[in-house]
Every structure is written in structure tokens, then in C-alpha cells.
Amino acid sequence: MEFLTAIEVEVYFIIHHSRRLRNIVVKRLELPDFSFRVTPDSTIGGCPIEALDIPPRASHPDGSPRYDLLNFRLRTKLDCSHFQRGQKVLVDRIFVVCDIFTTKIN
């Protein structure tokens, strides 16, 4: 089963140093236990997303990997200027994939 939804995230890092890089690394404010995929209409902070890229290689101070970060590639590099570190934005129009057979009903 799939449905369209949005999640709130916090901008963690903006990557736009070369001609090709136009990524926004964000931290999930909630860690929902579901998988999702971007659609051709997905946006972050109102800016179109081209793809959900490979998760960033980031670690906690103790060296353990950061699984709470997501790496979105924007369609245009100019959209990077709309974001600031710490800003809270919505990732909108994403498809959430859930398995109705694993959901417990009391």
C-alpha cells in the first residue's frame, strides 16, 4: 500500500560548491518507521527534488554512523539559495510505502 504524504525536516547542510552539486542534507525531525520514495512532483521547501541521493557519510562524535540524515538533490542549483542551516521545511508529495500485513490491530 502506498500513499502520498509530507515529512518535516531540518536543513543540516547545503552542498553547492561545484557546478554539479545541488544537494540539501536534512535531518528528520521525527524518525518515522516507514520507507518512502520521491515522485516527479516531490518538493523540499517548495523547491523541486530531482532525486533522493546516497545517504551522506556522516558520523556521531563517537564514530557511529548517522542514519537520521537524508540527502536530496534539487533540480536546479539556484534553489540552494532558498535554504539555511537549521531551517525547518517540508518534504512534500512523497510516496510512503507501508505493509498493511505487518500492522498490528488491537
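Along each chain, residue indices are assigned from 1 in the same order as the chain's sequence is written. Only residues with pLDDT of 70 or above have their local features reported here, since the model is predicted, and side-chain atom pairs are shown and tallied only from 80 upward, although totals for entire chains, interfaces and linings are computed over all residues. As a convention, hydrogens and water are excluded, and side-chain values are obtained from all of the structure's heavy atoms.

Peer 1: Lay out the pattern of salt bridges in plain terms, naming residues and giving numbers.
Peer 2: Throughout this description, the term salt bridge denotes a Lys or Arg side-chain nitrogen within 4 Å of a carboxyl oxygen of Asp or Glu. In total, this model carries four salt bridges according to the counting rule given. Across the pair E50 and R22 runs a salt bridge whose closest N-O atoms are separated by 2.9 Å. Within this pair, whereas E50 is found in strand β4 (residues 47-52), its partner R22 is found in the loop between β1 (2-15) and β2 (23-28), the two being separated by 28 residues in sequence. Think of it in three bands: residues with accessible area under 20% of the maximum for their type are buried, residues over 50% are exposed, and the middle band is partly exposed, with areas taken using a 1.4 Å probe on protein chains only. The class for E50 is partly exposed, based on a relative accessible area of 38%. A salt bridge links R73 to E50; its shortest N-O distance comes to 2.5 Å. Pair noted here: R73 is in strand β5 (residues 69-74) and E50 is in strand β4, with a separation of 23 residues, a long-range link. Several salt bridges converge on common partners, so that one network encompasses R22, E50, D53 and R73. Working definition: helices are DSSP H or I runs of at least four residues, strands are E runs of at least two. Numbering for both runs from the N terminus.

Peer 1: Describe the environment of R22, with residues and values.
Peer 2: Relative accessible area serves as the criterion here: at 16%, R22 is assigned to the buried category. Between the C-alpha atoms of R22 and T76, which are 54 residues apart in sequence, the distance is 6.9 Å. The criterion used for residue contact is that any of the two residues' heavy atoms lie within 4.5 Å. Those residues in contact with R22 that sit more than four places away from it in its chain are I15, E50, F72, R73, L74, R75, T76, K77 and C80. Polar contacts, as counted here, are pairs of nitrogen or oxygen atoms within 3.5 Å of one another; within protein the pair requires one atom able to donate a hydrogen and one able to accept it, and residues that are adjacent in sequence qualify only if both atoms are side-chain atoms. Engagement of the side chain of R22 in a polar contact is seen with the backbone oxygen of L74, the distance being 2.6 Å.

Peer 1: Got a sec to walk through the pairing of strand β3 (residues 35-44)? Specific residues and values, please.
Peer 2: Here, a strand pair is defined by DSSP locating no fewer than two bridges between the strands. Strand direction decides the pairing type here: β3 and strand β6 (residues 88-97), joined by six bridges, are antiparallel. Bridging across to β6, V38 finds its partner in I94. The pairing of β3 with β4 spans two bridges and is antiparallel. Among the inter-strand pairings, I44 is bridged to a residue of β4, identified as C47. From the end of β3 to the start of β4, which pair antiparallel, there are two residues, and G45 there has a positive phi angle of about 55°.

Peer 1: Could you give an account of the side chain of D79, with specific residues and numbers?
Peer 2: Secondary-structure assignment places D79 in the loop between β5 and β6. His is not counted, nor are the chain ends; Lys and Arg add positive charge and Asp and Glu add negative charge. Lacking a salt bridge, the buried D79 has R75 as its closest oppositely charged neighbour, with an N-O distance of 8.2 Å. Apart from the residues within four sequence positions on either side, D79 is in contact with C47, P48 and L74.

Peer 1: Please set out the pairing of β2 residue by residue, giving values where relevant.
Peer 2: Most of β2 sits inside the fold, with five of its six residues counted as buried. One ladder, built from five bridges, connects β2 with β5; its direction is antiparallel. The partner of V25 across the bridge, within β5, is N71.

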